[in-house]
Each structure stands twice: as C-alpha cells, then as structure tokens.
Amino acid sequence: MADVTLTLPDGSNRVFPAGVTAAAVAEDISKSLSKKAISATVNGAHWDLQWPITADAEIAIHTLKDDVQALELIRHDLAHIMARAVQDIWPDVKVTIGPVIKNGWYYDFDRADPFSPEDLGLIEKKMKEIIAARDPVRTEVWDRPRAIAHYKALGEPYKVELIDSIPGDEPLRMYWHGDWQDLCRGPHLQHTGQVPADAFKLMSVAGAYWRGDSTRPMLQRIYGVAFQNRDELKKYLNFLEEAEKRDHRRLGREMDLFHFQDEAPGMVFWHPDGWTIYRELEDYMRRQLTRDGYREIRTPQVVDRKLWEASGHWDKYRENMYITEIDEEHANEKRVNALKPMNCPCHVQVFNQGIKSYRDLPLRLAEFGSCHRYEAHGALHGLMRVRNFTQDDAHIFCTEDQIEAECAKFIDLLSRVYTDTGFGSFDIKLSTRPEVRVGSDEVWDKAEQALEKAILSIRNDYEVDPGEGAFYGPKLDFKLTDAIGREWQCGTFQADFNLPERLNANYIGTDGEKHRPVMLHRAVLGSFERFIGILIENYAGRMPFWIAPRQVVVASITSEADNYVREVVNALQGAGLRAEADLRNEKINFKVREHSVAKVPVILACGAREVDTRSVTVRRLGEKATSTETLDAIVNELGIAARAPDLV
RNA sequence: GCCGCAGUAGCUCAGUGGUAGAGCGCACCCUUGGUAAGGGUGAGGUCGGGAGUUCAAUCCUCCCCUGCGGCACCA
C-alpha cells in the first residue's frame, strides 16, 4: 500500500502507510498526546481518531484544550451516553436523534410515558457510571441493507427512517459506546472517560415533534448542557440565573410597568410607569422619523374583509386574524370585518388617494400601527410575543431605482436608533428569493442587488439566507445583541412588488404613463411591546435616565424637611424631570432600600442640613457613595442628563 | 395548535376529603430616624371556571381557561 505524507501544524512532515488512523499518528508523536487526544482535523474536516487517512493531508491532533472540538465532542458523546443511559434504565424506549446545540445537546426519545424531573436524576446518575467505566468508543462503516435490517430487528423505526433519508453516497457509520450502538456520522471521543463527569447537567424535558413536523408524533426531548470543566458549567448556570433576574415579566410586575390577565390573553395592560417608557420611546421614534422625511398617518383598526381579500390576507393569513361581525340588530347590512393584522393594505389606501406623480416619490408613510394577530396560545410570551402590538411601521413607495438609496437611509436610521437605545452592534441577514414567488427574475435581481449594495455601503459582513425571502420580495432582518449576549431580531426591511399590484397602486411617471411603485415595508423596533421587553432585559430594569419612568425620588429624612422636599420636587418637575416626593413616615434606610429595589436612578435625600444649606444629598442607583450638591446645581445637572440621546 | 408542568391573600409560597396559613406588601398607631428593611396592631381569600364522585371537595375525576418550559408557528 502506498504511503501518505501528513503535515503537522508546526510544518513538519511525517510519512505513514495509507489508511493510518489519526490515533496512530498521535501515538507516533508522543505517548502522552495519544492519551490526551480526542480527535483530529484532517484537511479542515473534524476527524475521528479511528478513521483511516488515505491521502496526503494536513493534520492537527486535538485535546480537551481545543475549545471548539472539545465542546463538540463532549456534547456529542454525552448525547450518546445519555441515550445509552436511558435505554439501560428503560429498554423499551425508542431512540431517534440527538444533536449538539448551543451550550449542550438534546436527544429525542419515543416513550409512552413522559420523563419526570426525577427521571433526570436517575439518568444523570447512570451517565456518570458510564463515564466512570471509561468504555471504549468504536466505529464501523456498514452498508445500508445491514443497517436497516439491524434496526428493524431491534424495533427502532426512527433509525430506519433516518437511514432512508441519508444520501446514498454517504457512508453509514455505526458507533459503540461500550456495548451500546447508535447510528452516527461522528466523530467521537476515544472512550467515555474523556467526558468531564462534573461539567454537564440535564436541564429539562419537553415535547418535540419528530423531524420538527407538527403532523408527526410528539417525542420526549431531554436537554442537557455541557462544558469543558466545572467552572464553565457554573458560569453558564450563573448566566441562566442572571437571565432569570432580568426576565421582563418579573421586572414588569416588580416595577409596576404592566400586567396581563385572563380576559385579554396576549394583550398588555400598561401601567403608568410602563406607559411612560412607551411614550418616551414613541416620542423619540417620532423625532427620528420626522428627521428622515417620513409622514405619520393613522389608519383604522377594523376593516372590511373586502380589503383583506384584495390584499391576499383573507387567503393566506386568516387563521391569524380576529374576525368581527356587526351585531345584526343594529346594522342594516351584515358586514364581516377583521381587526388589522398588518398596516400595509391601509397604507396603500392612503397612497391611492388622489393621483401620485413620480415627483411624490419616495413617499414615506409611517404609522405607529396597532395590530391584532391571533397567535397560537403556546407562542405567547410576556411582551415578546403578544396578540396586540404596535409596530413602528412605515411603507416607502418608490421606484425600483430608489430602493438602494432608501435601504441605505433606513440602515442609517436603524443604526442611530440602536446606538441611542444602548445596543452597540447588530447583525444583518439577507433573505433571497424563495421558490414560490411573484415578479420576474429581472426584478428580483434588481431588488436583491439593491439590498446587498446598501448593506455593503456600511459594512462588509452579513449573512445570506437563500430562499428565505417573502413571496413578494427579498428582505433584510436586523438582529441586535443585548448585554448578556442574546440576539433579538427587531428591524426588518422588505421589498414588495406584489401588494402595489394587488391593490392597484400607481403613479404617473415622467413619460406621462401610469407605473407601479415598489413598496418597502420596514420597521426598526419591530413592535414597541417587544422592544420594551428587550430594553428591560438588556438593562435588567435599570433603564437609562432619559427613559426611566421614575427618574428622581426626593426623600425626606425627617418631617421637618417636608416643605423643602416639595420645593425640590417642584424645581425638578419644572426642569422636565419625572420627580416625586417620598414624605412617608419611614427611616431613610427604608426609603433608600425601597427606591433602589424599584430601580429609581437618583435618590435625593433631604434632612435638616439640606434645608439649612438649600442642598440635596445625591445617591445614584448602584453606587453606595453619596454627595451633596446645591439645589440649583442638581436641577441643572439632572435636567441635562434627562435629555434623550438625540436631543443632547 | 402539540407534549409536559402549574394555578391557594396584591407578590412569593406552605397546607388539608371536615369551607385555610406564613413572609413581604397594605391600613392604622408609636417612633423624627442620615443612606439597602425600627416596633406594634389590624384588614385582606367563593383556594382559576364549570361539571361529577362524596354525608362533605381547595384537596379526588372529567372538561375548559390562563400561565410556565419546550416543539410547531413568527406576515
């Protein structure tokens, strides 16, 4: 057999007989490396130590210190170890698939009775036994008939189906962890003992559809998380705790911002402080839109089905729409209406009033449009997913040639808004033409290129999601990253060649003929509700001063200071601040604690000393130290600090 | 919509086949206290809704609603 030349990361070459395994290469390098080795990279591919190498290659041997490969393998092997543990305990459970995901893995099982939280403890214990046994991992390539016969004999129908769906030119690989066998593309560790036994945890059980298809059986999914060592696991568990502390549903209740109740599921009851945040954000957005040449409009909530039929919503979107009928006793004619789930058809109606000229384009019509959508009840989630929400929506009517400039203008607006609201960076995703679509290829070419060019004018990295565009046009989605690294999709920019056609929008061109405008659907925040939820979680309730619903509390230390406190509050309110007095018969300790817990950014305490010197003692949220300032100085200082970022 | 879990005072939660309890909060009283909880007294619940089993249901059974964790969905 011929030899192969392997090039190591340090540039040196070693020659082996063809078919050598990465394990043998590691062994050749050093005894200790061969023990520590977990996998290899061979010509860029993640490679099992047992797989043969049949051609010259660049090779690197990995140990647990190589983050990417180590995490991949630890999690992947744990998926197998968990499945083995489950079948050890309950032999009749059917196995399906168990991929690696962010922070861990899951495995889906078919089992008559769901797993209980106590079962997780049992499984975890069994997994630790398997790890302690240091069972060797072994792999073989099987041919299809053998694999299918094997799984049929075992009564594992899901595996049979999986084999059927694997492309014919791909080898079928079997893996054994000890005696337990699973179909798997690999790679895997050398033995189960290479998994750190104290750095994983089974997290939860949940139902999940087989192959993600809601018409197929519901399986039982167990989620686990795993890291390279116990500290990393701890760090992750702390992160989860941190995320829970930031939960906007909890903070919304604690800070008295909003509530939900059974009579209106998925619809927000905004309380005064929550609504203050909302209004501050809305005022800010209105200024931004005005600055960028948008005209604000307002369109009806309840609209006859005829319009929804014309727009296509009645056909494509009806199960998400609230349908209303006028009470027949009071109406001469029975009309079927729908609460608007989107603003676009109404905006076209505004555009269609009167005759539009090319001189009117681009026409930017904005609406803080309240929409109702009947979302599946399992989808509802605090402010993040609601049934009644308000979009910072706008539709830009323009020519195809104007798409690029409008897109660039939009990205500029969006960057400003995200920066001003405290989000440093955002990612862009371009979704291109789907298989089922309207419009000619030329128009799609033009639209996709326009969006692409607009992105490239501000940055050179973006993700492309081929085929994921809307049927009416390509779109950009904007995802921002919050303070603890979570991504939220908020902004969107969509080119639409369809709706103007359906709703017969047109303008008179330079040639005196009628033309179809393109319609650009776009939103920066997405919905106010959701964006405020994200803000709350991003800031853990400690809102930036300009948007904080309660900016200043002036607290009396003794009742002697009450009148002075009132004077201070008046002065602050006069400067436009949201200030309130706390004159309650409580000690200053109590007041400081309560307002700190309520995340009021500034507490001004006033006792006899302050009254005498016409000053206040300032305590800022998150700081222990206090300072004393004159009344005039603090009013001036806080007045400046309270300006919205665009008004500084 | 699907799988699982849950719903008891404003909040967090305990509890029992014989119609309920704590802490915090709230009200009132005492206390005028200098930067994260001063003390006392008191009010407050049709135990998510409906039906059933039972002498008796907050507790057991069924249906529904809502919430939570996922899945599916997310123009």
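Preceding block: the structure.
Not measured: the values here are computed from a predicted model. (Residues numbered from 1 in each chain as written. Chains lettered and ligands numbered in written order. Predicted model: local features only at pLDDT ≥ 70, side-chain atom pairs only at ≥ 80, totals over all residues. Heavy atoms only, no water.)

1. Some remarks on the sheet that holds strand E25 (residues 426-431)
Strand pairing within a sheet occurs via backbone hydrogen bonds; the two strands may be parallel or antiparallel. What counts, and what does not: DSSP-based pairing: two strands are paired if at least 2 bridges between them are found. Helix numbering and strand numbering both begin at the N terminus, where a helix is a DSSP run of H or I of at least 4 residues and a strand a DSSP run of E of at least 2. The criterion used for residue contact is that any of the two residues' heavy atoms lie within 4.5 Å. Every axis corresponds to a line fitted to the C-alpha atoms, with the helix fit spanning only the stretch in contact, and the corresponding angles, defined between N-to-C directions, vary from 0 to 180 degrees.
Ordered by their spatial adjacency, eight strands build an open sheet running E18-E23-E24-E31-E28-E27-E25-E26, and the pairing between neighbours is mixed. The open sheet has two edge strands with one neighbour each: strand E18 (295-296) and strand E26 (463-465). Across ten bridges, the pairing between strand E23 (residues 363-372) and strand E24 (residues 388-398) is antiparallel. If you follow Glu 367 over to E24, its bridge partner there is Asp 393. Most of the contacts of helix H9 (residues 272-291) go to E23, to which it runs at about 160°, and overall it touches E18, E23, E24 and strand E31 (518-527).

2. Some remarks on helix H17 (residues 562-574)
As a reminder of what qualifies: Here the expected length of a helix is defined as 1.5 Å per residue gap, with one fewer gap than residues. Throughout this description, buried means an accessible area under 20% of the type-specific maximum (1.4 Å probe, protein chains only), exposed means over 50%, and partly exposed covers the range between. Of all possible arcs, the one meant is that of the directions from the helix axis to the C-beta atoms.
Given a rise of 1.5 Å per residue, 13 residues ought to cover 18 Å, and the 18 Å separating the end C-alpha atoms of H17 matches this to within 8%. Among the residues of H17, Asp 562, Tyr 564, Val 565, Val 568, Val 569 and Leu 572 are the ones counted as buried. Looking down the long axis of H17, one finds its buried residues gathered within 160° of arc, a one-sided arrangement. In H17, the exposed positions angled more than 90 degrees off the buried face are occupied by Asn 563, Asn 570 and Gly 574. In this structure, the buried side of H17 is in contact with strand E32 (552-556), strand E33 (579-582), strand E34 (602-606), helix H19 (608-613), strand E35 (615-620) and helix H20 (631-641). Taken from the residues just after H17, Gly 576 is the one with a positive phi, measuring 90°.

3. Here we look at the pattern of salt bridges
For clarity, the cut-off: A side-chain nitrogen of Lys or Arg and a carboxyl oxygen of Asp or Glu constitute a salt bridge if their distance falls within 4 Å.
A full pass over the atoms with the stated rule returns 45 salt bridges. Glu 406 is the partner of Arg 364 in a salt bridge, and the nearest nitrogen-oxygen pair spans 2.8 Å. You can see Arg 364 sitting in strand E23 and its partner Glu 406 sitting in helix H13 (residues 403-420), a full 42 residues away along the chain. Residues Arg 364 and Glu 406 agree in their burial class; the two are buried.

4. Digging into the pairing of E24
Looking along a regular strand, one sees the side chains alternate between the two faces of the sheet. For E24, the tally of buried residues reaches eleven of eleven residues, placing the bulk of the element in the interior. Alternating residues of E24 divide into Asn 388, Thr 390, Asp 392, Ala 394, Ile 396 and Cys 398 and Phe 389, Gln 391, Asp 393, His 395 and Phe 397, and every residue in both groups is buried. Judged from the seven bridges that link them, E24 and E31 form a sheet pairing that is antiparallel. Looking at the pairing, Asp 393 lines up with Ala 523 of E31.

5. Some remarks on the protein's contact with RNA strand B
Heads up, the condition is: In these notes, residues near a molecule or strand are those with any non-hydrogen atom within 4 Å of it. The term polar contact refers here to a pair of N or O atoms within 3.5 Å; inside protein, the definition further demands a hydrogen-donor-capable atom paired with an acceptor-capable atom, and it admits residues adjacent in sequence only when both atoms are side-chain atoms. Gly is placed with the polar residues, together with every amino acid not listed as nonpolar (Ala, Val, Leu, Ile, Met, Phe, Trp, Tyr, Cys and Pro) or charged (Asp, Glu, Lys and Arg).
Near RNA strand B lie 50 residues; those nearest to it are Tyr 209, Arg 373, Ile 557, Asn 585 and Glu 610. Counting only the atoms of RNA strand B within 4 Å of the protein, the fraction contributed by sugar and phosphate is 49%. Tyr 209 is positioned with one of its side-chain polar atoms (N or O) 2.5 Å from a base nitrogen of RNA strand B. Between Arg 249 and RNA strand B, the recorded distance is 2.8 Å, taken from a side-chain N or O atom to a phosphate oxygen. Of all the secondary-structure elements, those providing two or more residues to the surface near RNA strand B are strand E14 (200-209), strand E15 (218-226), helix H8 (248-254), E24, helix H18 (588-597), H19 and E35. No other element matches H18, which puts seven residues into the surface near RNA strand B. Among the residues forming the surface near RNA strand B, the class breakdown is 22 nonpolar, 16 polar and twelve charged.

6. Regarding unusual backbone geometry
Cis rather than trans, the peptide bond between Gly 186 and Pro 187 has omega equal to -5°. Along the chain, Pro 187 turns up in the loop between strand E13 (180-183) and E14. Backbone torsion omega between Leu 361 and Pro 362 reads -5°, so that peptide bond is classified as cis. Here Pro 362 shows up in the loop between strand E22 (356-357) and E23. For Arg 134, which is not glycine, the phi torsion reads 50° and is therefore positive. Assignment of secondary structure puts Arg 134 in the loop between helix H4 (117-132) and strand E11 (137-142). In this structure Arg 134 comes out as exposed when scored by relative accessible area, which is 51%. Of note in the backbone geometry, Asn 504 takes a positive phi value of approximately 55° without being a glycine. Within the secondary structure layout, Asn 504 lies in the loop between helix H15 (499-502) and strand E29 (507-508). A relative accessible area of 47% means that Asn 504 is categorised as partly exposed.

7. Side note on the packing of H17 against H20
Keep this limit in mind: Crossing handedness: left-handed means the near helix sits turned counterclockwise from the far one by under a right angle, and right-handed means the same turn made clockwise.
Following both chains from N to C, one finds H17 and H20 inclined at 35°, their axes separated by 10 Å at the closest point. When you trace H17 past H20, the crossing you get is right-handed. In this structure, H17 contributes Tyr 564, Glu 567, Val 568, Ala 571 and Leu 572 to the contact, and H20 contributes Leu 631, Val 635 and Leu 638.

8. Regarding the layout of surface pockets
Worth spelling out the cut-off: Site definitions follow a grid-based scheme: protein atoms alone, a 1 Å grid, a 1.4 Å probe that fits but cannot get out for cavities, and for pockets an open set with protein on both sides within 12 Å along at least five of seven lines, plus lining residues having an atom within 4 Å of a point. Grid points are joined across faces, edges and corners, and a volume is the space filled by probe spheres set on the points.
If you add up the space inside the largest pocket, you get close to 1200 Å³. Around the largest pocket sit 39 residues that line it, and Tyr 317, Met 342, Arg 373, Gln 391 and Gln 494 are the ones nearest its centre. Sorting the residues of the lining of the largest pocket by element identifies helix H11 (313-316), E24, strand E27 (475-481), strand E28 (487-496), H15 and E31 as the ones contributing at least two each. The dominant element in the lining of the largest pocket, judged by the number of residues it contributes, is E28, at six residues. Class assignment for the residues of the lining of the largest pocket results in 13 nonpolar, 15 polar and eleven charged. Space inside the second largest pocket adds up to approximately 650 Å³.

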